Amino acid sequence: MSVPEMVEALMQEPALVELTDFTHQFEPFRTMGIHGKELVHSRILATFLNRTGSHKLGANFLNQFVMALASPQTRLFSGEAVDVEVLSEAVKPNVHSQVYRELNCIDLVIVFPAHQLVIGIENKVDAGEQEEQLARYQETLRVRFPGFTQALVFLSPNGRAPKTANAQDSVPVYCMDYGQVAEICKACKRVPGLSASAEDFLDQFVNHIELHMTGSTRTQALCWELFSKNEAAYREIVRQHDRCIERKVLEAFAALESRLSKEPLLGVDPSQLLIERERSRDDKAVIFYSLHIRMLHWPAGVWVKIYKHNWLGVFPFIRESELVALAGEFPLPLSAETAKHWPGVRYVSSRSGLDQARRVLTNGNDFTSDDLEIALGLAATYVQEINEALSGGGTC
């Protein structure tokens, strides 16, 4: 059988149909553009960890999370493990606990005052670690809760090891993954009296975790079935992956440029837009692609960029070389520093934090049509802000 025939046979596999249905299901977190937002995930976890929440979970989620520290699936990265008896005492009925958000910058902190136990949680969905971040949090727990049994959980999609923990610190560091969180959510669905809305949300949260973070045992089984029965075709698909990503990006951005030139996607007359494109290649990102968009009446050099590099993102900018040509006569607000990873580029905005806020999607190659619509929405906001600033009606 030829390679094209083997790929065609793979396309007919029932397992591929089921896998396709799973990956194409409606996913509210992605639709709202919050599937990679750590603050959103931390709020959800804080809600579930609160034993008195309106979700009617009681202490079930909290207790299972605490006891997960003693699970074989949770890896002790450094320090001496918390005694199982200490954990067991904390999950007994009627034990008082408090859940704090952003306590001394730690995402979540669970305190059991009567049992003198404190557990910090550093939640990493997409972002990397700051310099000595976990070491500082270990010190915070040790200094702020003297006499307590302390532990720090490093929670990530795949349970990866932290890079900034202090292995010599007395505060132990545990590595947990979101697959464990999904299993806890599934178990909590069996809680008597659970509200229907909470049950629906648990389902959606589990689907979100399995779609975008960990995969599921079912998808793993389906992939193995496809591979074991069609290894040569599977291998050919993997070999063609980068070419397919490049074609996806080229076609999507060409279609986006065509729409921008014909439709008022940014809330302005498309005939008043100038659009330029940039393309290059990179081993890691496969292909870089940017659309630079400006209105004809804007000061020279001011653009809004929609780009797919490592990230999919959007930001308003001007190059410093073009600023020099304006001889200081620039009517729009500028960032004090250059854009991160973009030497010689300044943000045309008074907004702070654009080095992170410009991101729509961390893994730009994974963008969907929904992600492009979010990018368009951001671009439209920047276009409107620049127009208002130029008309004297506000600042961008």
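Everything that follows concerns the structure shown earlier in this document.
Asker: Break down the overall build of the protein for me, citing the residues and quoting the values.
Answerer: Each helix and strand counted, the protein has 15 helices and 12 strands in total. Seen through its C-alpha atoms, the protein measures out along the principal axes to roughly 70 × 65 × 45 Å. Per-residue burial over the protein gives 48% buried out of 396 residues. Taking as baseline every contact in the protein between residues at least 6 positions apart, the subset at least 24 positions apart corresponds to 60%. Surface summary for the protein: the accessible area is close to 19600 Å², and the carbon and sulfur share equals 52%. Computed over 39 positive and 50 negative side-chain charges, the inter-centroid distance for the protein is 1 Å.

Asker: Which residues make up the pattern of salt bridges, and what values do they have?
Answerer: A side chain with one charge can pair with a side chain of the opposite charge if their charged atoms come near. Under the definition given, this model contains 22 salt bridges. Of the charged contacts in the structure, one is a salt bridge between aspartate 169 and arginine 142, with a shortest N-O distance of 2.9 Å. Of the two residues, aspartate 169 sits in the loop between strand S5 (149–156) and strand S6 (173–177) while arginine 142 sits in helix H7 (residues 133–144), which places them 27 residues apart along the sequence. The buried category is assigned to aspartate 169, whose relative accessible area is 8%. Residue classification places arginine 142 among the partly exposed residues on the basis of a relative accessible area of 33%. The residue aspartate 355 makes a salt bridge to arginine 358 at a minimum N-O spacing of 3.5 Å. What emerges from the salt-bridge pattern is a single network uniting Glu183, Lys186 and Glu210.

Asker: Give a detailed account of the packing of helix H4 (residues 38–49) against helix H5 (residues 60–67), specifying residues and quantitative values.
Answerer: Between H4 and H5, whose axes approach to 7 Å, the crossing angle comes to 105°. In terms of orientation, H4 and H5 fall into the roughly perpendicular class. Between H4, through Leu45, Phe48 and Leu49, and H5, the contact on the second element is made entirely by Phe61, Leu62 and Phe65. Partitioned by chemical class, the residues of the contact of H4 with H5 number six nonpolar, no polar and no charged.

Asker: Tell me about the packing of H4 against helix H9 (residues 196–214), residues and numbers included.
Answerer: In a pair of packed helices, the angle between the axes and the distance between the axes together describe the arrangement. Contact geometry of H4 with H9 gives a least axis separation of 13 Å together with a crossing angle of 140°. Classified by the angle between their axes, H4 and H9 sit oblique to one another. Relative to H9, the crossing made by H4 is left-handed. Where H4 approaches H9, its residues His41, Ile44 and Phe48 are matched on the opposing element by Phe201, Leu202, Phe205, His208 and Met213. Grouping the constituent residues of the contact of H4 with H9 by class yields six nonpolar, two polar and no charged.

Asker: Could you give an account of the state of the cysteines, naming the residues involved and the relevant values?
Answerer: This structure, assessed with the given rule, holds zero disulfides. With no disulfide partner, cysteine 188 has as its closest neighbouring cysteine sulfur the one in cysteine 185, 6.5 Å distant. Since its relative accessible area comes to 0%, cysteine 188 is described here as buried.

Asker: Could you give an account of the packing of aromatic side chains, naming the residues involved and the relevant values?
Answerer: Taken as a whole and assessed by the stated rule, the structure comprises 14 aromatic pairs. Ring geometry for phenylalanine 48 against phenylalanine 61: centres 5.3 Å apart, planes inclined by 50°, an arrangement best described as tilted. Of this pair, phenylalanine 48 sits in helix H4 while phenylalanine 61 sits in helix H5, placing them 13 residues apart in sequence. With relative accessibility at 4%, the residue phenylalanine 48 sits in the buried group. By relative accessible area, which is 0% here, phenylalanine 61 ends up buried. Centroid distance phenylalanine 315 to tyrosine 347: 5.4 Å. Interplanar angle 85°. Geometry classified as edge-to-face.

Asker: I'd like a description of the sheet that holds S6, backed by residues and values.
Answerer: Sheet strands pair via backbone hydrogen bonds, and the direction of the pair is either parallel or antiparallel. Spatially, S1-S6-S5-S4-S3-S2 is the arrangement adopted by the six strands of the open sheet, whose pairing is mixed. Pairing within the sheet leaves two strands with one partner each, and these edge strands are strand S1 (75–78) and strand S2 (98–103). For this sheet the average axis-to-axis angle between neighbouring strands, irrespective of direction, equals 25°. Across five bridges, S2 lies against strand S3 (residues 106–112) in antiparallel orientation. Paired with leucine 103 across the strands is isoleucine 106, a residue of S3. In this fold H5 packs onto S3, strand S4 (117–123), S5 and S6, with an angle of close to 100° to the strand it touches most, S3.

Asker: Residues and numbers for helix H10 (residues 217–229), please.
Answerer: Taking 1.5 Å per residue, 13 residues should reach 18 Å; H10 reaches 18 Å between its end C-alpha atoms and fits that length. Close packing links the buried residues of H10 with helix H1 (3–11), helix H2 (14–23) and helix H11 (231–239).

Asker: Describe the nonpolar core, naming the residues involved and giving the relevant values.
Answerer: Counting 49 residues, the largest nonpolar core has Leu260, Leu266, Val302, Val304, Ile306 and Val314 as the members making the most contacts within it. For this core, the elements supplying multiple residues, two or more each, are helix H12 (241–262), strand S7 (273–282), strand S8 (286–295), strand S9 (303–308), strand S10 (312–319), strand S11 (345–347), strand S12 (359–361) and helix H15 (369–390). Looking at this core element by element, the count peaks at nine residues for H15. Once residues lying within four places of it in the same chain are set aside, the contact partners of leucine 266 are Leu260, Leu273, Ile293, Leu376, Ala379, Ala380 and Val383.

Rules used in this analysis
- Residues numbered from 1 in each chain as written.
- Predicted model: local features only at pLDDT ≥ 70, side-chain atom pairs only at ≥ 80, totals over all residues.
- Heavy atoms only, no water.
- Helix = DSSP H or I, 4+ residues; strand = E, 2+ residues; numbered from the N terminus.
- Buried < 20%, exposed > 50% of the residue type's maximum accessible area, 1.4 Å probe, protein only.
- Contact = heavy atoms within 4.5 Å.
- Areas by Shrake-Rupley, 256 points an atom, 1.4 Å probe, with all protein chains shown as cover.
- Lys, Arg positive; Asp, Glu negative; His and termini not counted.
- Charge placed at Lys NZ, Arg CZ, Asp CG, Glu CD.
- Salt bridge = Lys/Arg side-chain N within 4 Å of Asp/Glu carboxyl O.
- Axes fitted to C-alpha atoms, helices over the stretch in contact; angles between N-to-C directions.
- Parallel < 35°, antiparallel > 145°, perpendicular 65-115°, else oblique.
- Nonpolar A, V, L, I, M, F, W, Y, C, P; charged D, E, K, R; others polar.
- Left-handed = near helix turned anticlockwise from the far one by under 90°.
- Disulfide = S-S within 2.5 Å.
- Phe/Tyr/Trp six-rings, centres within 6.5 Å; stacked < 30°, edge-to-face > 60°.
- Pairing = 2+ DSSP bridges.
- Expected span 1.5 Å × (residues − 1).
- Core = buried A, V, L, I, M, F, W, Y, C linked by side-chain atoms within 4.5 Å.

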